[in-house]
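Coordinate inspection notes
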Amino acid sequence: MLLDAKAPHLSSVIPPTLPWKVNELVQPSEALTRQSSGINGTFGQSEELRCVIAVIRHGDRTPKQKVKLKVTEEKLLNLMLKYNGGRPRSETKLKSAVQLQDLLDATRMLVPRTRPDRESDSEAEDVERAEKLRQVKAVLEEGGYFSGIYRKVQLKPLKWVKVTKGNGEVEERPVEALMVLKYGGVLTHAGRKQAEELGRYFRNKMYPGEGTGLLRLHSTYRHDLKIYSSDEGRVQMSAAAFAKGLLDLEGQLTPILVSLVSKDSSMLDGLENASIEMEEAKARLNEIITSSAKTVHSNGSPEFPWMVDGAGLPPNASELLPNLVKLTKKVTEQVRLLAKDENEKLTERSLYDVIPPYDQAKALGKTNIDVDRIAAGLPCGSEGFLLMYARWKKLETDLYNERKERYDITQIPDVYDSCKYDLLHNAHLNLEGLDELFKVSQMLADGVIPNEYGINPKQKLKIGSKIARRLLGKLLIDLRNTREEAISVAELKSNQDHSLSVKIEKEDAEAKSKLSHKNDETRKSNTLSDIPIDQDDDDDKETKYRLDPKYANVKTPERHVRTRLYFTSESHIHSLMNVLRYCNLDESLQGEESLVCHNALERLCKTKELDYMSHIVLRMFENTEVALEDPRRYRIELTYSRGADLSPLEKNGSGATSLHQEHTLPIMGPERLQEIGSYLTLETMEKMIRPFAMPAEDFTPATPAGFSGYFSKSVLERLVNLWPFHRHPSSNGR
């Protein structure tokens, strides 16, 4: 406005939209537009988009790896007590550089310098334990420095004793703990590309205005965006890459991560709340797979195949296990020979002594394939042949215990994960039998992975509600706050329209009586006309953190969209989906229909994997032609995407071209969870989800009762208290 008034010659040459980056619109891949029935891109005059909520899995990553061992050494037990506040029964997580350095110092002193020959079972167990300590030491020494978001250690106390102190007091001390080292799982160049592409797709398809609409909303203070991430590095970087594509930003991911992404591990991390139920599910799953005949309970039927115990498991699962072990050994031996040919010192029991410096953080900064490494016949990324062999050798050892003749079905997803990674990123190594191993592991993993979160629908609902309880509560808060904000804006607009009509009526009355009562009526008019002006000023206080319609140079100043993005891992995606589709099975909701229609339930039953970048989207629309108190004023739309659910063995189509040239699997387009034409109200959504969600009053800080701008009253009060002039008022009383 100021530019129009003071310098119209400059105003005329400035474009009406000022995005962060002026470039050509990047079109999404064919896969994202292949199933466009899931997104309704039309926004009519009567229905406005008010809220977009998405729960998104991270992008493509390197295989996750884990080392477990029981420790009784005093150095490690004291280290656990040092970082958990001296509480003998509390778990400790070591992630910072200082914590990991302390652990490395202690581990170096505990690793035996020699390796005795195996003469008995007990000595064999000692040798295995020593090898695991060497592996912990080697992993902690990788790269020469610590980047804690890629390596973390958990110490969980298992046994305790009571000891008497010198002053006679009795205290409890741990004598045994479980050490769990987790490493790997770094976001690859393909994962970063997937996240950016999905962000661009959201920008182009989820909001009114076809592409530039979101940027215009964002640049005119009509878009309320918050991004949350779990504590995992791959999840945080996926969130940053998505934000870069969504807002069309430039530059590195780290500044975007710091400025736009908030970590919330309590909401998006952890399975501890459902650990007992998940162990029960895995035990039952093991029983079904290893038995000669699959047992099916009477709670299933051909009409509802998803209601049976162990739905999705292949009927010949027990016959597939020996073949899985055989093929895993075949691939492992080939990788061992590749490592040996590279002239690396490699023997069966000196595996972790000669690992060269390897920095997992290097993989993060890469946006393209390392062509030089591939041309040299080396593995893609920062993984060398020795570490690749260590990965496959561990899978071979853990999958089947030859001494006890026992299969570990929890390793099936890891075998499948490694197969898929090497087929996608290391196909140039031409590992014989890898494609066959992928097919076998995929058949088993398609049944194992969904059933780890519950062997039947009722158990899936129980586990899902425990894992996603806090997330579900936050989603309901987001929807409720959006509704309260929309009601406040609608009431404000109604009051302003009423004030304007009153003002016009008064002006007409003044004009008619002007000839006979000119002076008296003029004073009366001035007195009465002040009232609606003051009223407008008071009402503006409610929206002072939004775009002020009085000064908005846009056609729809009242349009405002709230976006909440939650980036998490596979466990929370499965848990949230299980609650959405099975919530009506709860005793308190008997007789209610599922939030997910029958056709979508069938598709989900056939969808075994929610792959990288899979996501669930809730969009809330407001019908402005319906009364404020009518439940049908607010409609919820539910969609989901299977993510990068394409086989790396795909030979035809654009997806196969992207796979071979860029090592990147395309993301599947959205699919509806509701029938076309159905109408899910916000009131129904809240009723179905509330039994499984954390109550709003349990969140800290407490959620405000209604909308009062972008900041709650408590936040504003804290900001005022922090303001220096509030603490030291001036002498004149201002």
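This text goes with the structure placed above it.
Residues numbered from 1 in each chain as written. Predicted model: local features only at pLDDT ≥ 70, side-chain atom pairs only at ≥ 80, totals over all residues. Heavy atoms only, no water.

1. Points about the overall build of the chain
Each helix and strand in the chain was counted, giving 26 helices and 14 strands. A total of 734 residues make up the chain; the buried ones form 49% of that total. For the chain, long-range pairs separated by at least 24 residues make up 79% of all intrachain contacts whose partners lie at least 6 apart in sequence. Here the chain has roughly 36200 Å² of accessible surface; of this, 50% comes from carbon and sulfur atoms. (Helix = DSSP H or I, 4+ residues; strand = E, 2+ residues; numbered from the N terminus. Buried < 20%, exposed > 50% of the residue type's maximum accessible area, 1.4 Å probe, protein only. Contact = heavy atoms within 4.5 Å. Areas by Shrake-Rupley, 256 points an atom, 1.4 Å probe, with all protein chains shown as cover.)

2. Brief notes about the nonpolar core
Within the largest apolar cluster, 48 residues are counted, with the highest numbers of intra-cluster contacts made by Y566, L595, M685 and I689. If you list the elements that add at least two residues to this core, you get β1 (47–57), α11 (265–268), α19 (469–513), α21 (570–582), α22 (598–606), β11 (615–623), β12 (634–641) and α24 (682–689). With seven residues, α19 is the single largest residue contributor to this core. (Core = buried A, V, L, I, M, F, W, Y, C linked by side-chain atoms within 4.5 Å.)

3. Let's talk about unusual backbone geometry
Phi angles above zero are rare outside glycine, and N430 is one such case at about 55°. Take N430: its relative accessible area is 65%, and that puts it in the exposed class. A positive phi is found at M613, a non-glycine position, where the angle reads about 65°. Its location among the elements puts M613 in the loop between α22 and β11. Taking the relative accessible area as the measure of exposure, M613 reaches 0% and is therefore buried.

4. Observations concerning the side chain of H425
You can see H425 is positioned in helix α16 (residues 412–425). You can call H425 buried: its relative accessible area is 1%. In this structure the side chain of H425 is engaged in a polar contact, spanning 2.9 Å, whose partner is the side chain of D60. In contact with H425, not counting residues within four places along its chain, are D60, T188, H189, A190, C380 and H663. (Polar contact = N/O pair within 3.5 Å; in protein donor to acceptor, adjacent residues only side chain to side chain.)

5. Let's talk about the pattern of salt bridges
Oppositely charged side chains can pair when the atoms bearing their charge come close. Applying the stated criterion across every chain yields a total of 41 salt bridges. We note a salt bridge from E637 to R619, for which the minimum N-O separation is 2.8 Å. With a gap of 18 residues between them, E637 in strand β12 and R619 in strand β11 connect regions that are remote in the sequence. You'll find E637 and R619 in the same group, each marked buried. R690 serves as the salt-bridge partner of E686, at 3.9 Å between the closest nitrogen and oxygen. Overall, the relative accessible area of 10% leaves E686 in the buried class. Taken together, the shared-partner salt bridges connect D224, K226, E485, R562 and R564 into one network. (Salt bridge = Lys/Arg side-chain N within 4 Å of Asp/Glu carboxyl O.)

6. Quick look at α21
Taking 1.5 Å per residue, 13 residues should reach 18 Å; α21 reaches 18 Å between its end C-alpha atoms and fits that length. Counting buried positions along α21 yields 13 of 13 residues, so the element is predominantly enclosed. (Expected span 1.5 Å × (residues − 1).)

7. Points about helix α4 (residues 74–83)
The set of residues buried in α4 consists of L76, L77, L79, M80 and L81. Each element contacted by the buried residues of α4 is listed here: β2 (64–71), β3 (92–94), α5 (97–110), β4 (151–164) and β5 (170–184). Phi turns positive, to about 80°, at G85, one or two residues after α4.

8. Remarks on the packing of helix α12 (residues 275–290) against helix α18 (residues 457–467)
When two helices pack together, their arrangement is given by the angle between the helix axes and the distance between those axes. At a closest axis distance of 9 Å, the pairing of α12 and α18 adopts a crossing angle of 145°. Helix-helix and strand crossings are classified by hand; for α12 and α18 the assignment is left-handed. On α18, the residues touching E277, M278, E280 and A281 of α12 are Q459, K462, I463, K466 and I467. Residues belonging to the contact of α12 with α18 are distributed by class as follows: four nonpolar, one polar and four charged. (Axes fitted to C-alpha atoms, helices over the stretch in contact; angles between N-to-C directions. Left-handed = near helix turned anticlockwise from the far one by under 90°. Nonpolar A, V, L, I, M, F, W, Y, C, P; charged D, E, K, R; others polar.)

9. With respect to the packing of aromatic side chains
Throughout the structure, instances matching the rule amount to five aromatic pairs. Judged by centre distance (5.2 Å) and plane angle (75°), the rings of F202 and F242 are edge-to-face. In this pair, F202 sits in helix α7 (residues 189–205) while F242 sits in helix α9 (residues 233–247), placing the two residues 40 residues apart along the sequence. For the pair shown, F202 and F242 are each scored as buried. A network of ring pairs unites the aromatic residues F202, F242 and F567 as a single cluster. Positioned above the aromatic ring of W160 is the side chain of R89, whose terminal nitrogen or guanidinium carbon lies 3.8 Å from the ring centre. Here the basic side chain of R632 rests over the ring of Y679, its NZ or CZ set 4.0 Å away from the ring centre. (Phe/Tyr/Trp six-rings, centres within 6.5 Å; stacked < 30°, edge-to-face > 60°. Lys NZ or Arg CZ within 6 Å of the ring centre and 35° of its normal.)

10. So, the environment of L110
Checked against the element boundaries, L110 lands in helix α5. By relative accessible area, L110 is classed as partly exposed at 22%. Separated by 24 residues in the primary sequence, L110 and R134 place their C-alpha atoms 9.2 Å from one another. Ignoring any residue separated from it by four or fewer positions in sequence, one finds L110 in contact with E73, L76 and L133.

Function cannot be inferred from these measures alone, as they are strictly geometric.
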